[in-house]
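Secondary and tertiary structure notes
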Amino acid sequence: MPFVVYSIIDNTVCVVDLAHISNELSHKFNTNLEFAEYKNLSALVSFVKKKDTGTTRDEVLCYASIIDAMAAMCPVLPMRFGSVLESYNDVLEYLSRNADAFIRSLALISNKDEYSVKVLFSQSYHEDPVGNTSCNDPQPLPDILNSTNLAREYLSNKYKDYLSDKKKHQYTEQVKSYFMSQALAITDYIDFNKSLSPAFIIDAVLLIDKSKKSKLLDIVVNLRAMFPMHNVMLTGPWPAYNFTKTKI
């Protein structure tokens with residue numbers, strides 16, 4: 001009888017009664033949720049029937065919504081979608097084997113929230129995203145590439161692309177360096193996601209103390225003022241997915 005695992009909590013720091021949490025979430029999401037408890041740890045789980053069909057978007061969103069709702073009540077160690085164990089006893093075994101790691105992770109994220117900061121080239125700068133914002137002067141082509149020969153013309157175009165990419169990379173590093181100088185004043189926990197699109201200048205996640213939310217907002221305001229030609233987006237708070245990496 002498989003069980004979906006949503007999140008893990010430290011009972012000693014959760015001030016809300018576990019029965020109240022499970023009852024409220026079960027009613028809100030029309031799902032039979034309960035806690036599996038091992039010493040000071042508890043895992044929010046639900047029984048799930050095996051099925052042959054694939055995962056739906058609604059199932060993924062419901063899973064994330066349950067974790068978000070629980071995170072509003074107490075600090076949680078969020079699990080990735082698809083975290084399933086074969087039995088209730090397996091859930092208890094999972095808690096037992098990883099108890100020390102879970103407690104360390106929960107201590108790390110206690111009284112903290114995760115936020116996402118994204119800086120993107122705007123559509124109006126699509127053709128020349130760096131524009132005149134870079135301090136580098138245009139570099140002349142090497143003499144060997146100044147030719148009407150088709151092969152050299154191809155190499156010349158490739159060299160121009162290289163210079164353009166280099167200029168863009170240098171500019172991106174400048175923006176990232178400015179952001180880091182601001183963000184490190186409020187947290188040491190900053191991760192940069194690998195950019196999947198050339199539109200991204202920064203795609204970062206931060207773990208900050210709840211008390212420093214206003215300072216993060218100030219950083220975003222400063223970014224928008226410093227780089228008005230770009231799109232600067234802040235989202236959160238989220239459960240600390242990126243700073244726990246917990247998956248069965």
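Residues numbered from 1 in each chain as written. Predicted model: local features only at pLDDT ≥ 70, side-chain atom pairs only at ≥ 80, totals over all residues. Heavy atoms only, no water.

**A look at the overall build of the protein**
Counting its secondary structure elements, the protein contains six helices and nine strands. Going through the 248 residues of the protein one by one, you find that 38% of them count as buried. Once local pairs closer than 6 in sequence are excluded, the contacts in the protein between residues at least 24 apart make up 77%. For the protein, the accessible area works out to roughly 14600 Å², and carbon and sulfur atoms hold 52% of it. (Helix = DSSP H or I, 4+ residues; strand = E, 2+ residues; numbered from the N terminus. Buried < 20%, exposed > 50% of the residue type's maximum accessible area, 1.4 Å probe, protein only. Contact = heavy atoms within 4.5 Å. Areas by Shrake-Rupley, 256 points an atom, 1.4 Å probe, with all protein chains shown as cover.)

**Description of the sheet that holds strand 8 (residues 200–209)**
Strand order in the open sheet formed by four strands is 7-8-6-9, and the pairing between neighbours is antiparallel. Strand pairing shows two members of the sheet lacking a second neighbour, strand 7 (189–192) and strand 9 (230–238), which therefore form its edges. Mean inter-strand twist for the sheet, computed between neighbouring axes without regard to direction, equals 20°. Pairing between strand 6 (residues 112–121) and strand 8: nine bridges, direction antiparallel. For D113, the partnering residue across the bridge sits in strand 8 and is I208. (Pairing = 2+ DSSP bridges. Axes fitted to C-alpha atoms, helices over the stretch in contact; angles between N-to-C directions.)

**Let's talk about the pairing of strand 6**
Most of strand 6 is tucked away, with eight of its 10 residues classed as buried. The pairing of strand 6 with strand 9 spans seven bridges and is antiparallel. Bridging from a neighbouring strand, E114 pairs with W238 of strand 9.

**Section: the confidence of the model for the protein**
In this model, the protein carries an average pLDDT of 84, and 83% of its residues clear a pLDDT of 70 or more. Note that pLDDT drops below 50 for residues 132–136; the model gives that stretch six contacts with residues more than four away or on any other chain. (pLDDT = per-residue confidence, 0-100.)

**Some remarks on helix 1 (residues 18–29)**
Given a rise of 1.5 Å per residue, 12 residues ought to cover 16 Å, and the 16 Å separating the end C-alpha atoms of helix 1 matches this to within 8%. All of the buried residues along helix 1 are L18, I21, S22, L25, S26 and F29. The buried residues of helix 1 all sit within an arc of 120° when viewed along its axis, so they share a single face. Every exposed residue of helix 1 that faces more than 90 degrees away from the buried side is listed here: N23, H27 and K28. (Expected span 1.5 Å × (residues − 1). Arc of directions from axis to C-beta.)

**Description of the pattern of salt bridges**
Tallying each qualifying case throughout the model produces five salt bridges. Between R97 and E93 there is a salt bridge, with its nearest N and O atoms 2.7 Å apart. Note that R97 and E93 are positioned in helix 3 (residues 88–97) at a spacing of four residues, about one turn of the helix. Relative accessible area serves as the criterion here: at 37%, E93 is assigned to the partly exposed category. With a closest N to O distance of 3.8 Å, K112 and D209 form a salt bridge. Residue K112 is found in strand 6, and its partner D209 is found in strand 8; the two are separated by 97 residues along the sequence. By relative accessible area, which is 26% here, D209 ends up partly exposed. (Salt bridge = Lys/Arg side-chain N within 4 Å of Asp/Glu carboxyl O.)

**A closer look at unusual backbone geometry**
A negative phi angle is the norm for most residues apart from glycine, just as the trans form is the norm for most peptide bonds. In this model, G236 is joined to P237 through a cis peptide bond whose omega is 5°. Not every positive phi belongs to a glycine, and K39 is a case in point at roughly 50°. Note on placement: K39 falls in the loop between strand 2 (33–38) and strand 3 (41–47).

**Side note on helix 3**
Among the residues making up helix 3, those that are buried are V91, Y94 and L95. An end-on view of helix 3 places all buried positions within 95° of arc, on one side of the element. Pointing more than 90 degrees away from the buried face of helix 3 are the exposed residues N89 and R97. The secondary structure elements touched by the buried residues of helix 3 are strand 1 (3–10), strand 2, strand 3, strand 5 (84–85) and helix 4 (99–109).

**Focus on the side chain of D113**
You can see D113 is positioned in strand 6. When near neighbours in sequence (up to four residues on either side) are disregarded, D113 contacts L206, L207, I208, K210, P237 and W238.

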